[in-house]
Number of protein chains: 6
Amino acid sequence: MKIITMGEIMLRLMTPGFRRIEQADHFDAIYDGDEAIVAASLARFGMEVEYVTKLPDNALGETCLQQLRAQGVGCRHAARGPGRLGINFYETGVAMRPPRVIYDRAGSAFALAQPEDFDFDAIFEGADWFHFAGITPAVSPQTASLTRAAVECARRHGVTVSCDLNYRGKLWTPQQAQAFMKSIMGQVDVCIGNEEDAEKCLGLKPAGTDVYASRLDLDGYRSIFRKMKELYGFRYIGCTLRESYSASDNGWSVLCYDGQEFAQSRHYDIRLVDRGGGGASFAAGFIYGILRGLPLSQIAEFAGAASALKHTVYGGMNRVTVEEVWELAGGDASGRVQR
Amino acid sequence: MKIITMGEIMLRLMTPGFRRIEQADHFDAIYDGDEAIVAASLARFGMEVEYVTKLPDNALGETCLQQLRAQGVGCRHAARGPGRLGINFYETGVAMRPPRVIYDRAGSAFALAQPEDFDFDAIFEGADWFHFAGITPAVSPQTASLTRAAVECARRHGVTVSCDLNYRGKLWTPQQAQAFMKSIMGQVDVCIGNEEDAEKCLGLKPAGTDVYASRLDLDGYRSIFRKMKELYGFRYIGCTLRESYSASDNGWSVLCYDGQEFAQSRHYDIRLVDRGGGGASFAAGFIYGILRGLPLSQIAEFAGAASALKHTVYGGMNRVTVEEVWELAGGDASGRVQR
Amino acid sequence: MKIITMGEIMLRLMTPGFRRIEQADHFDAIYDGDEAIVAASLARFGMEVEYVTKLPDNALGETCLQQLRAQGVGCRHAARGPGRLGINFYETGVAMRPPRVIYDRAGSAFALAQPEDFDFDAIFEGADWFHFAGITPAVSPQTASLTRAAVECARRHGVTVSCDLNYRGKLWTPQQAQAFMKSIMGQVDVCIGNEEDAEKCLGLKPAGTDVYASRLDLDGYRSIFRKMKELYGFRYIGCTLRESYSASDNGWSVLCYDGQEFAQSRHYDIRLVDRGGGGASFAAGFIYGILRGLPLSQIAEFAGAASALKHTVYGGMNRVTVEEVWELAGGDASGRVQR
Amino acid sequence: MKIITMGEIMLRLMTPGFRRIEQADHFDAIYDGDEAIVAASLARFGMEVEYVTKLPDNALGETCLQQLRAQGVGCRHAARGPGRLGINFYETGVAMRPPRVIYDRAGSAFALAQPEDFDFDAIFEGADWFHFAGITPAVSPQTASLTRAAVECARRHGVTVSCDLNYRGKLWTPQQAQAFMKSIMGQVDVCIGNEEDAEKCLGLKPAGTDVYASRLDLDGYRSIFRKMKELYGFRYIGCTLRESYSASDNGWSVLCYDGQEFAQSRHYDIRLVDRGGGGASFAAGFIYGILRGLPLSQIAEFAGAASALKHTVYGGMNRVTVEEVWELAGGDASGRVQR
Amino acid sequence: MKIITMGEIMLRLMTPGFRRIEQADHFDAIYDGDEAIVAASLARFGMEVEYVTKLPDNALGETCLQQLRAQGVGCRHAARGPGRLGINFYETGVAMRPPRVIYDRAGSAFALAQPEDFDFDAIFEGADWFHFAGITPAVSPQTASLTRAAVECARRHGVTVSCDLNYRGKLWTPQQAQAFMKSIMGQVDVCIGNEEDAEKCLGLKPAGTDVYASRLDLDGYRSIFRKMKELYGFRYIGCTLRESYSASDNGWSVLCYDGQEFAQSRHYDIRLVDRGGGGASFAAGFIYGILRGLPLSQIAEFAGAASALKHTVYGGMNRVTVEEVWELAGGDASGRVQR
Amino acid sequence: MKIITMGEIMLRLMTPGFRRIEQADHFDAIYDGDEAIVAASLARFGMEVEYVTKLPDNALGETCLQQLRAQGVGCRHAARGPGRLGINFYETGVAMRPPRVIYDRAGSAFALAQPEDFDFDAIFEGADWFHFAGITPAVSPQTASLTRAAVECARRHGVTVSCDLNYRGKLWTPQQAQAFMKSIMGQVDVCIGNEEDAEKCLGLKPAGTDVYASRLDLDGYRSIFRKMKELYGFRYIGCTLRESYSASDNGWSVLCYDGQEFAQSRHYDIRLVDRGGGGASFAAGFIYGILRGLPLSQIAEFAGAASALKHTVYGGMNRVTVEEVWELAGGDASGRVQR
């Protein structure tokens, strides 16, 4: 199976040991990004993956390539050129103190990328799946065009298309998001997104009910999913169900829909190591399950366990094996050691 | 608003990563002290603050000055001279293993300070508030005299005086504490202290009831507060209500009293990063609320949220903003990230 | 009191800060091993202890000696020679992600040790107690012979013998374990081991009942203990009762039996720093209590508190004092600081 | 003496321990900038200093303020606003491998600063000296305007003006530099710059001689200095004389000129800790010497020793005392310890 | 150009900061090996490289793959299986204290590799070059057979073969080395090795002269090279010329021979960061130069500069670019920064 | 051979990585002291050593014991009691920036020690050698008494006595030093000290010659040694000859005298890792050589190589083996690796 993902990989600069930015005599360096995490997960799960992006022509760009290649992700189509590497200063939260993020990503090489940087026909030749997140078209007008070009080319090559709506209020407005997303959803086969994404990106607010009153009003999710299916004909829809007990502990499960049935994974209580990449790790597990042809309940358990595990791994990339995911999905969450 | 605090700032040498002292190949260095923390908090909250102390005439003393100035605390009146910098070896606790402290503070420059090291009239000229903790007079006979001199001078200049009783059994006996405290309480406007402080520093043990049976017997606290008000005419009394579930997790709220009403802040469950400075951060929030003229319930919520947040911050100083405090006081303790 | 323990000390290479092995740019180095931990605990508790082992003749072997001597453990009888130091790569678990262990211990100097490396008569001259764990005979045929030789010599010198069954499926099969253990249990006075150990090492599976259905079916434990006593005449039997809530949090208590009475220690909920050495720390506390002639309930409380504390200490060795153990055993698990 | 400096402070992200960028699992964080270093030095030397800049309105901007205040630098006139904090990725060189720098400073809050962000009349009221470096007008058209406005206002207030030409080929061309610099030199009293600066910024290339043939052709420097004096009437001119033996070891001395005499400091061979801030530390020493009214030879020795010492200090700021500078200037470079 | 290298990659565990093994509370982890370094260099220089090895089937083996792939090295033919990862404990030397190495490599997966683990015909199909070092056949009888099989298959496919003699006294005796090497040299086109290698591996000791009297008796090297050419018909011969001033500073140059001319690179004085991989980095530069068809003097300068630079890079892999090598080879060793 | 040393062991708190005290977010912790280093060296060289001291009754005192025992030093006679552990803040120097030391050792448990803390008769029973440094009597009047008591008891038991004069101007004046030292030299067999020590401690200033004009005027040293022998009848005299090129690089050799011959060791140029303990390591090598009955030239080479090596070892204790010392003394200072 050959999979293409496209997006931006950034440098995440994290304060160490719960220190605040003003206390950091150094920043831990993580290179990640939504579609890069999906790519790495799928490569780890044994699939052939190419990651499409544009990187600055300096040592930071080279480092991104090394990080991706290390995970087994192909970078044949990664362009290089002027512009900087986007940065995300990140102060890990704890207890009731939330993480603090300073986005410093304007002017990145990816934001400045042009369609002619990529040969989409070559990219999608022989591919089975294309995945992107809503962050990608939100980065800049150029990347919105890129995204559209990629989706269209993918369709021409008969490639399945998945989109993680992933609304980011710091990058675009609901109006901008809907203008783009509504126009492209018809070409998407598999959609990932929760109620907030549905409202912000697709304008789907269930009438007569406040689904936000309870974070886990599954009926609200189900009705949104059915509506999304109805409007755009998605083959699969999925989302994660995060419960923010605090910045240190979260509840977690996922919900999957194949247009007929719903399947919810088991529920996990997680002591967080790094919550970054939780959503992307779900996307990767979801795609893996679909590509493997698993029954829906198994897809949900696999994608749920994979994304839950991610929260215990430092950095955005989900550094686990298929065997570890199945072991957890199989029910042993006791954290016992084998000797 | 111009605020004066006076006390000792020390070097806290902490073992890293839950290691015990015998395992530490290095010690993390923190510079803090009760009134220094109050000063830093109030400066961060936008007030003009001067910190009165005496520091050794070496690089450690210079470092203390840098740490204070960095927080916006004025050090115009900080004296320098012979003596050492007090040290506090600190082994962070975890679960049911308590923190272990080795006090190594005898002979500090502050302990040896003389009244002539300070020009109190210049210090209190134009000031609005003076704050000290019970640790300060307990350090040495010299610092007891200094404290008395400072309080008297503050009164002469019409400055509001607050005292955090903060009984320290390693520095003086209840007899010594009461001898000093009872004689000076009449000059104090705002008193901070819990039942134990009231007993040890003021000899106020409620008859016929064991208030210690339940850590959070609020009636006990209220009766003590009323008694303190009656005896010394305090304008405000406040204290923190810590529940030591373990060395890793605490419950937290605060109780404030304006002589008529009581207000208790909401309750927080905290994963501890550093419990040092929790009490001083309450004092700072309490003073801030009073100086801002907030209603009592808002004072309690602000001081409660500020001091709860402190427990998630490394080091004694409460490195938070007024906005962050209000955000938490407003009720969102979910630790969610904004992107 | 003079105590002898014999076994293998290894280099544990731990990934730092919850990183996975592939992310580790360094490994934290810990030197520990079951009987070495018992030896260190008993030396810290004030007893005279000699540790019998064989170490490689290089700087790693020298480092093991330094680590042991630092704890007050005598190494007069530690042999040196060819072979390597066994290594244990250890990835700390978190939440529902279990610790991951890569054993790399084949070919160690200890595995290659010969009886003539040790003068057992000199070793046991004047000794009061000999302790070994089931790991030791499992390491290699040579160490099985060594163990037998040691036990027999200990008996000849009238030394009390204790054995922690400690079954390790990566080192031998139940058949191998039973062949050795059944033949030597008659010479053992004090046996440590839970139901799984009893089944794997002694073939004692209680008929007609699934004791594994509930992790803490104390009746199952009690019936096994009675059976073990009946068969081998042990003076004391003890075991730990771990509840794996997750890789981050465990429940903990211990069960002791003197052939007549059972005593269970109080129960602890533990935030784990390092779970390594928990069992060995129980063994040490158990032996200490018996040697001190404490009543059974006190033995259980001491051994329970000692081994619970271990989980909050980095590294396998239980770096606590007798006073700290009694303080916790006395009931204060609040983790409060004394100032 | 009250001194004003104006410029940009940036975040320098350094790879640790001679690692290359691709190897860095973290970056050490340094906050520095040419005029900020001058300000910090002069404040450490006991002068009153205000630093004029514009910082982003986030935690990184706040951190810059803390770093400056810690050094005793006044930040009353530091503006805050939109834009990012400029970043400088820095890979320390060693032996014949040069340092590698990735500038990532476009779009900074300072680059976007407007004249109305600053009240120059208030800034220069009562000031004695104004210092800026050639980097500041090179950052953006806005900062060039700011620089001009500042110099003109300073002149109106009778303030001495010093400029460190400090040509940066990554920020502007010689044409741009000359257009600005030539037009403003008439208002500058004290000029710092070497032959390359004189050529790039002032177009002063000595005819008929290749001064670059020998790095330390002092006659070339002297003739350039005389020419600069002739053209612009500078009261003082100074420069540093760096000999790059390798990225690990440098030779160092400085040359000062008062329009009549030349004075060269003694020569130092330096094992480099951090070469950043060497030039700015010379500027600070030069200004200090002039303001203190020292004889020219003493100015040179003080400024030479101060800037040589800087190379042994981590970070750009010259964390030394006047006493340490004089001690070295007095001739003891043996690095002996006093006990 | 497609290049194949074959050998063992190991885990190097280094003590941090000049600490001795007994002082190391952690070990820095480096994954390197002679042919792996050659492979990484050539991949960085833009060539297609496949690395043939056998790795243990655990997370350490996976980490090796990630490290290699990150450098752009293909691992399609890397086998996995039982056995451990070889370890090399390494204590960095300083001044006159030499590095201390503890080899712990017996029983590695590579040492146990079988010919059937590799499909050599597939490996050499379309390849241009095959490189191995003398370490590889020295590891075990199995790897000696593997090496022979690989060389023979390479020849059948018309692939150029290079060998770095690289004698290791800890792995085999001169007798063993000569038995293998003499029998295979006829199939080698390019030989790398100095006088000691020539003596130990090929038995070529120049009669009547003590070439060791002077480390850099170039005549001795030249006569040995001519003899080697005469006996085995090598197309190229090369070696490095290290001068061990101390464990901190080395002199460095290289000597190349094309059967007719000799070319020596310029000489470098190096402050060492990590001397590991110096020889392999020369081999890579030498191969690169030959494959690029450079004149001999340019080959020597490129290979000399590349391998000199390696000493300033942490870890065995030569993390430099072709541009950096040429920049140094072009003569600028001043270590100046470009801004 | 059984050796006794007596003195104070302190906590050295070092700033990491050339940072200044104000930059240190942590301090590296070293436990050392002159006689403790001598004790550790001799124990490593295979001798039986007991270290006499008094330590505080807290975890820091316990840590000192662990550090000493780890080196094989007996601590049977180490007393415990009130008082603190002396501290030495240490900022490593570099190039021409000297180390900066802040002594914080007043009030230590050792300074407060009383004769009745030690049973000197038991201590010296069966001993062969007693060593102390001039620091020990300088610490406090109590320790001066202790020293006298120890020396007298040692003489009564026929124990050889050695003294390293080691004048410390921060602890006593020349007058105080001479009053003590002159009165006790008659009981000393082996004296270590250079010209400065001879002047400050013994009042021996060679008339008519300025021996300080040249640091290495060996004639001056020889005449002083002869004079010392004449006055006090020492059997051996020795000293180190340090050349402070800079705080990073030193020259080093040693001079030994047996009352008839002089022997100077070979000369070393040293890149410093940690200069602490250089003198004490010489003392240990000197004592070792004498006790082993080596010829004077061998004593000098051994003691010179041992103390030179110390400078390359982190921490004060000389963590080397007899074999390593002889290897260097034998002439190989090239720092080559053996593989």
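All values reported here derive from a predicted model rather than from experimental measurement.

Visitor: Describe the overall build of chain A, listing the residues and the values that go with them.
Guide: Looking only at helices and strands, chain A features 11 helices and 15 strands. Since a compact globule built from 339 residues should have a radius of gyration of about 20 Å, the 19 Å found for chain A is in line with a globular shape. For chain A, the spread of C-alpha atoms along the three principal axes comes to 50 × 45 × 45 Å. Of all 339 residues assigned to chain A, the portion counted as buried reaches 69%. The long-range share in chain A, meaning contacts at least 24 apart out of those at least 6 apart in sequence, stands at 70%. With an accessible surface of roughly 10,600 Å², chain A has 46% of that area assigned to carbon and sulfur atoms. Considering chain A, the positive charge centre built from 36 side chains and the negative charge centre built from 41 side chains are found 2 Å apart.

Visitor: Give me the lowdown on the relation of the copies chain A and chain B, citing residues and values where you can.
Guide: For the pair chain A and chain B, the relating rotation is 120 degrees, the translation along its axis is 0.0 Å, and the fit reaches an RMSD of 0.0 Å. Those values place the two copies in the arrangement expected of a three-fold rotation axis. For chain A, the smallest separation between a C-alpha atom and the rotation axis is recorded for Gly17(A), amounting to 5.3 Å. Different-surface contact between copies: only 4% of interface residues of chain A are shared with the interface of chain B.

Visitor: Outline the interface of chain A and chain B, supporting the account with residue identities and numerical values.
Guide: Often the size quoted for an interface is simply the accessible area lost on bringing the parts together. Contacts between the two partners involve 25 residues from chain A, matched on the other side by 25 residues from chain B. Note on chain A versus chain B: buried area summed over both sides is about 2,200 Å², and carbon and sulfur give 53% of it. On the chain A side of the contact with chain B, Arg20(A), Glu22(A) and Met96(A) bury the most area, a combined 29% of that side's loss. At the junction of chain A and chain B, the tally comes to five salt bridges. At the boundary of chain A and chain B, one finds nine residue pairs in polar contact (both at pLDDT 80 or more). Looking at which element gives the most residues to the side of chain A that touches chain B, the answer is strand E8 (residues 100-104) of chain A, with three residues. Among the residues forming the side of chain A that touches chain B, the class breakdown is 10 nonpolar, five polar and 10 charged.

Visitor: Provide a residue-level description of the interface of chain F and chain E, including the pertinent values.
Guide: Facing the 25 residues of chain F at the interface are 25 residues of chain E. For the chain F and chain E pair, buried surface summed over both sides reaches about 2,200 Å², with 53% attributable to carbon and sulfur atoms. Of all residues in chain F, the largest losses of buried area upon contact with chain E belong to Arg271(F), Val337(F) and Arg339(F), amounting jointly to 33% of the total for that side. Taken together, the links from chain F to chain E amount to five salt bridges. When the shortest N-O distance is used, the salt bridge between Arg100(E) and Glu324(F) registers 3.6 Å. Put simply, chain F and chain E have eight residue pairs in polar contact (both at pLDDT 80 or more) between them. Residue assignment for the side of chain F that touches chain E shows that the elements contributing at least two residues are strand E15 (268-271), helix H10 (296-310) and helix H11 (322-329) of chain F. Ranked by residues supplied to the side of chain F that touches chain E, first place goes to E15(F) with four residues. Of the residues that constitute the side of chain F that touches chain E, the class distribution is 11 nonpolar, five polar and nine charged.

Visitor: Explain the packing of helix H10 (residues 296-310) of chain D against helix H11 (residues 322-329) of chain D residue by residue, including any values.
Guide: How two helices sit against one another is set out by the angle between their axes and by the gap between those axes. All names here are of chain D. Contact pair H10 / H11: the axes reach a minimum separation of 8 Å and the direction vectors enclose 110 degrees. Comparing their axes, H11 and H10 come out roughly perpendicular. Of the residues in H11, those touching H10 at Gln-298, Glu-301, Phe-302, Ala-305, Ala-306 and Leu-309 are Val-322, Glu-324, Val-325, Trp-326, Leu-328 and Ala-329. Broken down by class, the residue content of the contact of H10 with H11 amounts to nine nonpolar, one polar and two charged.

Visitor: Please set out the sheet that holds strand E3 (residues 26-32) of chain A residue by residue, giving values where relevant.
Guide: Strand order in the open sheet formed by eight strands is E8(A)-E7(A)-E2(A)-E3(A)-E3(D)-E2(D)-E7(D)-E8(D), with mixed pairing between adjacent strands. In this open sheet, the two strands that pair with only one neighbour each are E8 of chain A together with strand E8 (100-104) of chain D. The average undirected angle you get between the axes of adjacent strands in this sheet is 25 degrees. Sheet topology places strand E7 (residues 87-91) of chain A next to E8(A); five bridges connect them, and they run antiparallel.

Visitor: Describe helix H9 (residues 278-291) of chain C, naming the residues involved and giving the relevant values.
Guide: For H9(C), built from 14 residues, the straight-helix expectation of 20 Å at 1.5 Å per residue is met to within 8% by its first-to-last C-alpha distance of 20 Å. Immediately beyond the C-terminal end of H9(C), within one or two residues, lies Gly293(C), with a positive phi of roughly 70 degrees.

Visitor: Help me get a handle on the relation of the copies chain F and chain E, residues and values and all.
Guide: The operation relating chain F to chain E is a screw motion whose rotation component is 120 degrees, with 0.0 Å of axial translation and a residual RMSD of 0.0 Å. Little of the interface of chain F is mirrored in chain E, where only 4% of its interface residues again form contacts.

Visitor: Break down helix H2 (residues 59-70) of chain B for me, with residues and values.
Guide: Residue and element names in this part refer to chain B. The end-to-end C-alpha distance of H2 is 16 Å, a good match for the 16 Å that 12 residues give at a rise of 1.5 Å each. Across the 12 residues of H2, nine count as buried, placing the element largely inside the fold. Listed as buried for H2 are Ala-59, Leu-60, Gly-61, Thr-63, Cys-64, Leu-65, Gln-66, Leu-68 and Ala-70. The backbone nitrogen of Leu-60 has a side-chain oxygen 3.0 Å away, supplied by the residue at the start of H2, namely Asn-58. Backbone geometry just downstream of H2 places Gly-72 in the positive-phi region, at approximately 90 degrees.

Visitor: Before we move on, can you summarise the confidence of the model for chain A with the specific residues and values?
Guide: For chain A, per-residue confidence averages 95 on the pLDDT scale, and residues scoring 70 or more make up 97% of the total. Taken over the whole predicted complex, pTM reads 0.96, whereas the ipTM for its chain interfaces reads 0.95.

Visitor: Pulling in residues and values, what's your account of the pattern of salt bridges?
Guide: Any two side chains of opposite charge can pair, given that their charged atoms come close. A complete count under the given rule lists 138 salt bridges over all chains for this structure. A salt bridge links Asp57(A) to Arg80(A), with the shortest nitrogen-to-oxygen separation between them at 3.8 Å. Of this pair, Asp57(A) sits in the loop between strand E5 (54-56) and helix H2 (59-70) while Arg80(A) is found in strand E6 (residues 79-81), placing the two residues 23 residues apart along the sequence. By relative accessible area, which is 59% here, Asp57(A) ends up exposed. When the shortest N-O distance is used, the salt bridge between Glu22(C) and Arg319(A) registers 2.9 Å. Residue Glu22(C) is located in the loop between strand E2 (10-14) and strand E3 (26-32), and its partner Arg319(A) is located in the loop between helix H10 (296-310) and helix H11 (322-329); the two belong to separate chains. Assigned by exposure class, Glu22(C) and Arg319(A) land together as buried. The network of salt bridges with common partners includes Asp249(A), Arg271(A), Asp249(B), Arg271(B), Asp249(C) and Arg271(C).

Visitor: Residues and numbers for the pairing of strand E7 (residues 87-91) of chain C, please.
Guide: Residues and elements named next belong to chain C. Burial analysis of E7 places five of its five residues in the buried class, the great majority of the element. Alternating positions in E7 separate into two faces, Ile-87, Phe-89 and Glu-91 on one and Asn-88 and Tyr-90 on the other, with burial throughout. Examined bridge by bridge, E2 and E7 share four bridges and lie parallel to one another. The residue of E7 that forms the bridge with Leu-13 is Phe-89.

Visitor: Give a description of the sheet that holds strand E2 (residues 10-14) of chain E that names residues and reports values.
Guide: Strand order in the open sheet formed by eight strands is E8(C)-E7(C)-E2(C)-E3(C)-E3(E)-E2(E)-E7(E)-E8(E), with mixed pairing between adjacent strands. For this open sheet the edge positions go to strand E8 (100-104) of chain C together with strand E8 (100-104) of chain E, each flanked by a neighbour on one side alone. Strand after strand, the sheet turns through a mean of 25 degrees between neighbouring axes, direction not considered. When E2(C) meets E3(C), the two strands line up antiparallel, connected through five bridges.

Visitor: Got a sec to walk through the packing of aromatic side chains? Specific residues and values, please.
Guide: Applying the stated criterion across every chain, the model contains 96 aromatic pairs over all chains. Measuring from ring centre to ring centre gives 6.3 Å for Phe225(C) and Phe262(C), while their planes differ by 25 degrees; the resulting arrangement is stacked. One end of the pair, Phe225(C), is in helix H8 (residues 218-232); the other, Phe262(C), is in strand E14 (residues 262-264), with 37 residues separating them in the sequence. On the basis of an interplanar angle of 25 degrees and a centroid distance of 4.7 Å, the ring pair of Tyr288(D) and Phe302(D) is categorised as stacked. On the criterion of sequence distance, the pair formed by Tyr288(D) in helix H9 (residues 278-291) and Phe302(D) in helix H10 is long-range, its members being 14 residues apart. For Tyr288(D), a relative accessible area of 6% puts it in the buried group.

Conventions used here
Residues numbered from 1 in each chain as written. Chains lettered and ligands numbered in written order. Predicted model: local features only at pLDDT ≥ 70, side-chain atom pairs only at ≥ 80, totals over all residues. Heavy atoms only, no water. Helix = DSSP H or I, 4+ residues; strand = E, 2+ residues; numbered from the N terminus. Rg over C-alpha atoms; globule rule 2.2 N^0.38 Å. Buried < 20%, exposed > 50% of the residue type's maximum accessible area, 1.4 Å probe, protein only. Contact = heavy atoms within 4.5 Å. Areas by Shrake-Rupley, 256 points an atom, 1.4 Å probe, with all protein chains shown as cover. Lys, Arg positive; Asp, Glu negative; His and termini not counted. Charge placed at Lys NZ, Arg CZ, Asp CG, Glu CD. Least-squares fit on C-alpha atoms with pLDDT ≥ 70 in both. Buried area = accessible area lost by both parts, 1.4 Å probe. Salt bridge = Lys/Arg side-chain N within 4 Å of Asp/Glu carboxyl O. Polar contact = N/O pair within 3.5 Å; in protein donor to acceptor, adjacent residues only side chain to side chain. Nonpolar A, V, L, I, M, F, W, Y, C, P; charged D, E, K, R; others polar. Axes fitted to C-alpha atoms, helices over the stretch in contact; angles between N-to-C directions. Parallel < 35°, antiparallel > 145°, perpendicular 65-115°, else oblique. Pairing = 2+ DSSP bridges. Expected span 1.5 Å × (residues − 1). pLDDT = per-residue confidence, 0-100. Phe/Tyr/Trp six-rings, centres within 6.5 Å; stacked < 30°, edge-to-face > 60°.

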